[in-house]
Amino acid sequence: MTQPSMNELQKTIAESLHNGSRWKAWEPVFWLLVLASPFLLGSHALIINEIAIVALFAISLDLVLGYTGIVSLGHAAFFGMGAYAAALFAKLVMPDPVVGLLFAIAVSTLLGALCSFTILRGSDLTRLMVTLGVALILFELANKLDWLTGGADGLQGVVMGPLLGKFAFDLAGRTSACYSIVVALILFVLARRLTRSAFGATLMAIRDNRLRAMAIGIPVSSRLAVIYTIAAGVAGAAGGLLAQTTGFASLDVFAFDRSADVMLLLVIGGTGWLYGGIAGAVVFKIMQDVISTITPQYWTFWIGLFLVVLMLVGRERLLRPWTWFKKGGAS
Amino acid sequence: MLTILFDGIAYGMLLFILAVGLAVTMGLMNFINLAHGAFAMVGGYITVLLMQKLDVPFLVCLPLAFLGSALVGGVLERTLYRPMYKKPHLDQVLFSIGLTFMAVASTDYFIGSTQQIMQLPEWLKGRTELGEGAWMLGMGHYRLFIIAVCAALTIALQFVLAKTRFGSRLRASVDDQRVAAGLGINVNVVFLSTFAVGSGLAGLGGALGAEVLGLDPTFPLKFMIYFLIVVAVGGTSSITGPLLAALLLGVADVAGKYYIPKTGGFIVYGLMIAILIWKPQGLFVRKGGK
């Protein structure tokens, strides 16, 4: 290959990468709508808040699962860590939400950095077990250290100060919803920036073929450790938001169901696509709300059925109805 | 102290019977089946309900539990599991979580969420004590019975795997599916029967363990982690691996809960993570297998 065409090639690659990272026209519109939603749908502000938190949590899992291909059944570990860190910080140190949130992010990032060594080796099964084990250990810890965490009763009496010194958290949840959405937006933009960077491209290379990624000189272990740590921080932010906006942290933030749910909703929305987590969170939360008002006790059955059908049909195909009648579809 | 060791061994044997099916199917199909506990629950409920409602003797219930869950396992393998073998692990995990959720919710719906109590027959209720002082060995008859049954099953399984034609076919399929199929082994039938037997064993384990482990609709979720630990630590390529892992887990769990009850599950989970970081493929890996 001669020199000029090499330059040409580089230019094309740079251009296509740049195009990929450029904001599409609908994206700002979407986010403006989201930001307006607590005001437009004022009576549903509580569920909007929940959706924003779950969406952020799903984005965090997407960084690990969708972009890097680490199957994790214990992502609630970081979520819960963030929740307890934020709640304890508010209770024991100071009630300012923003500082508390930064503290929660810092703590869970630290935890993620520690845990990142556990996911580097072994097969999918090993990683499943180790991530699940970490979440279970934290669950037990939160349960047993009842002088600190309130044990099975949960951590009560968390009083948050007003946001930025001005906006108090109200019962209707409008402040909480706005707060959660803004935090989610900031972290989303950062995550978007990260996944569209060269770093993000190496992550996807690792996901697609770890051996080849290693062969072209990508430092696989350090990349895995770094993304796992970052994702832990994002999950911690989601957990912290939950604790701050509900003024409560209980054991269920570490529960297995939470890890399973977030995985499920990410898969519903589509992995390896940051909006997948958001779409999944919206669908999942609304579905949960609707079904659990019909059958509060047995809604896990319908979730289970949905999962089984989704997996049998193939998650690529169910979300794209136009491929149903094509023979030998993409799945 | 010996009593704890004894209880731990009984617990470990029980875990082994519960998890051995999972180990074999995971090694064979490379399928991560989180719904394995649901089959154990089927067996447990068959036993409890038959004993409560129809007064069937305990010893008759055990084979029925085995057959019942084997049947369920076989049917599900043929209809639902088979299309999933080729899918990525993430899909399998979600699929089997979905099955587990369904099993838990429907048991709750049909039978109720209360813990089932099993009435043991009189001859299993007693307790024998040997020795004196610190070295006293107290053996509950039921635990003795569990150890005896599980040991017999283990020996039988080992015999089938090592000496019979089916065993060699199974081992060949585990080592390399495609070559095994090329040699004229009907791998599908091997899969089906193995899955059914594995589910049956889980059902039997569930029936035996209903009294020890407790039986309620959340059983599959509660013990899923234990089965997976046995398999992940023991490796999937032999049956001695899971056996030793199950015994280790059983003894560690019972001893931990007895001596330092404050720690709860820490010991087990911590031990598992330590072992998996040290040897990611499990403690007992056979060389040469795939």
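Scoring rules and cut-offs
Residues numbered from 1 in each chain as written. Chains lettered and ligands numbered in written order. Predicted model: local features only at pLDDT ≥ 70, side-chain atom pairs only at ≥ 80, totals over all residues. Helix = DSSP H or I, 4+ residues; strand = E, 2+ residues; numbered from the N terminus. Rg over C-alpha atoms; globule rule 2.2 N^0.38 Å. Buried ≥ 20, exposed ≤ 12 C-beta atoms within 10 Å, placed from the backbone. Contact = placed C-beta atoms within 7 Å. Axes fitted to C-alpha atoms, helices over the stretch in contact; angles between N-to-C directions. Parallel < 35°, antiparallel > 145°, perpendicular 65-115°, else oblique. Left-handed = near helix turned anticlockwise from the far one by under 90°. pLDDT = per-residue confidence, 0-100. Nonpolar A, V, L, I, M, F, W, Y, C, P; charged D, E, K, R; others polar. Arc of directions from axis to C-beta. Core = buried A, V, L, I, M, F, W, Y, C linked by C-beta atoms within 7 Å. Domains from an automatic or database assignment.

> Tell me about the overall build of chain B, residues and numbers included.
When helices and strands are counted, chain B shows 11 helices and 2 strands. Along chain B, helices (α) and strands (β) appear in the sequence α-α-α-α-β-β-α-α-α-α-α-α-α when read from the amino end. Against the compact-globule benchmark of 19 Å for 290 residues, chain B has a radius of gyration of 19 Å, which places it among compact chains. Along the longest, intermediate and shortest principal axes, the C-alpha atoms of chain B span 60 × 45 × 35 Å. Out of the 290 residues in chain B, the part that is buried amounts to 48%. Sequence separation of at least 24 residues holds for 77% of the intrachain contacts in chain B that already meet a minimum separation of 6.

> Kindly report on the overall build of chain A, identifying the contributing residues and their values.
Of regular secondary structure, chain A possesses 15 helices and 0 strands. Taking 20 Å as the expected radius of gyration for a compact globule of 331 residues, we find that chain A reaches 21 Å, a close match to that expectation. Each principal axis of the C-alpha distribution contributes one length, and for chain A these read about 70 × 45 × 40 Å. Counting over 331 residues, chain A shows a buried share of 47%. In chain A, the proportion of contacts linking residues at least 24 apart, taken out of those at least 6 apart, comes to 75%.

> Please set out the environment of A:Leu251 residue by residue, giving values where relevant.
All names here are of chain A. In this fold, leucine 251 is placed in the loop between helix H11 (220–246) and helix H12 (256–269). C-alpha separation for the pair leucine 251 and leucine 9, spaced 242 residues apart in sequence, amounts to 54 Å. Excluding anything up to four places from it in sequence, leucine 251 contacts Phe139, Ala142, Asn143, Ala152 and Gly154.

> So what's going on with the packing of helix H1 (residues 2–29) of chain B against helix H9 (residues 219–234) of chain B? Residues and values would help.
Residue and element names in this part refer to chain B. Between H1 and H9, whose axes approach to 9 Å, the crossing angle comes to 60 degrees. When the axis of H1 is compared with that of H9, the two are oblique. Crossing of H1 over H9 shows right-handed handedness. Contacts from Leu15, Phe16, Leu18, Ala19, Leu22, Ala23 and Met26 in H1 reach Tyr226, Phe227, Val230, Val231 and Gly234 in H9.

> Account for the confidence of the model for chain A, naming residues and giving values.
Looking at chain A, the pLDDT average stands at 82 and 92% of residues meet or exceed 70. Counted against residues more than four places away or in other chains, residues 327–331 of chain A, with its pLDDT under 50, gives 8 contacts.

> Please set out the interface of chain B and chain A residue by residue, giving values where relevant.
In this assembly, 37 residues from chain B lie in contact with 35 residues from chain A. Contributions of two or more residues to the side of chain B that touches chain A are made by helix H4 (89–111), H9 and helix H11 (266–278) of chain B. Looking at the side of chain B that touches chain A, the element that brings in the most residues is H4(B), giving 16 residues. Tallied by class, the residues present in the side of chain B that touches chain A amount to 27 nonpolar, 7 polar and 3 charged.

> Report on helix H6 (residues 165–175) of chain B, specifying residues and quantitative values.
Residue and element names in this part refer to chain B. Among the residues of H6, those classed as buried are Arg169, Leu170, Ser173 and Val174. Down the axis, H6 shows its buried residues gathered within 135 degrees of arc, on one side only. Looking at the buried positions of H6, the neighbouring elements they touch are H1, helix H5 (141–163), helix H7 (177–182) and helix H8 (187–213).

> Describe the environment of A:Pro38, naming the residues involved and giving the relevant values.
Residues and elements named next belong to chain A. Secondary-structure assignment places proline 38 in helix H2 (residues 26–40). The spacing of proline 38 and glycine 304 is 266 residues in sequence and 31 Å in space, taken between C-alpha atoms. With sequence-adjacent residues up to four places away left out, proline 38 is seen in contact with Ala45, Ile48, Arg174, Ala177 and Cys178.

> Give a description of the nonpolar core that names residues and reports values.
Core analysis: the biggest nonpolar cluster contains 192 residues, and B:Ala19 and B:Val230 have the highest contact counts within it. When residues of this core are assigned to their parent elements, the largest contribution, 17 residues, is made by H1(B). Counting the residues that make up this core, at least three belong to each of domain 1 (26–293) and domain 2 (295–331) of chain A.

> Got a sec to walk through the confidence of the model for chain B? Specific residues and values, please.
Residue and element names in this part refer to chain B. Confidence in the prediction for chain B averages 82 pLDDT; 95% of positions are at 70 or higher. Per-element confidence in chain B ranges from a low mean pLDDT of 71 for strand S1 (residues 127–130) to a high of 87 for helix H3 (residues 58–81). The ipTM value of the predicted complex is 0.77, and its pTM value is 0.83.

> Lay out the packing of helix H4 (residues 76–92) of chain A against helix H5 (residues 97–115) of chain A with the relevant residues and their values.
Residue and element names in this part refer to chain A. Contact geometry of H4 with H5 gives a least axis separation of 8 Å together with a crossing angle of 140 degrees. Taken together, the axis directions place H4 and H5 in an arrangement best described as oblique. As for the relative orientation of H4 and H5, their crossing is right-handed in sense. Here Phe78, Met81, Gly82, Ala85, Ala86, Phe89 and Ala90 of H4 come into contact with H5, specifically with Gly100, Leu101, Phe103, Ala104, Ile105, Val107, Ser108, Leu111 and Gly112. Grouping the amino acids of the contact of H4 with H5 by side-chain chemistry returns 12 nonpolar, 4 polar and no charged.

> Tell me about the domain arrangement of chain A, and name the residues and values.
Residue and element names in this part refer to chain A. Taken domain by domain, chain A consists of domain 1 (26–293) and domain 2 (295–331). Using only C-alpha atoms to locate each centre, domain 1 and domain 2 end up separated by 25 Å. At 3 residues, helix H13 (residues 274–294) tops the list of elements feeding residues into the side of domain 1 that touches domain 2. Grouping the constituent residues of the side of domain 1 that touches domain 2 by class yields 3 nonpolar, 3 polar and no charged.

> Let's hear about the environment of B:Val174: which residues, and what values?
Residue and element names in this part refer to chain B. Of note, valine 174 is situated in helix H6. A count of 24 C-beta atoms within 10 Å places valine 174 in the buried class. Taking the C-alpha atoms as reference points, valine 174 and valine 24, 150 residues apart in sequence, are found 8.3 Å from one another.

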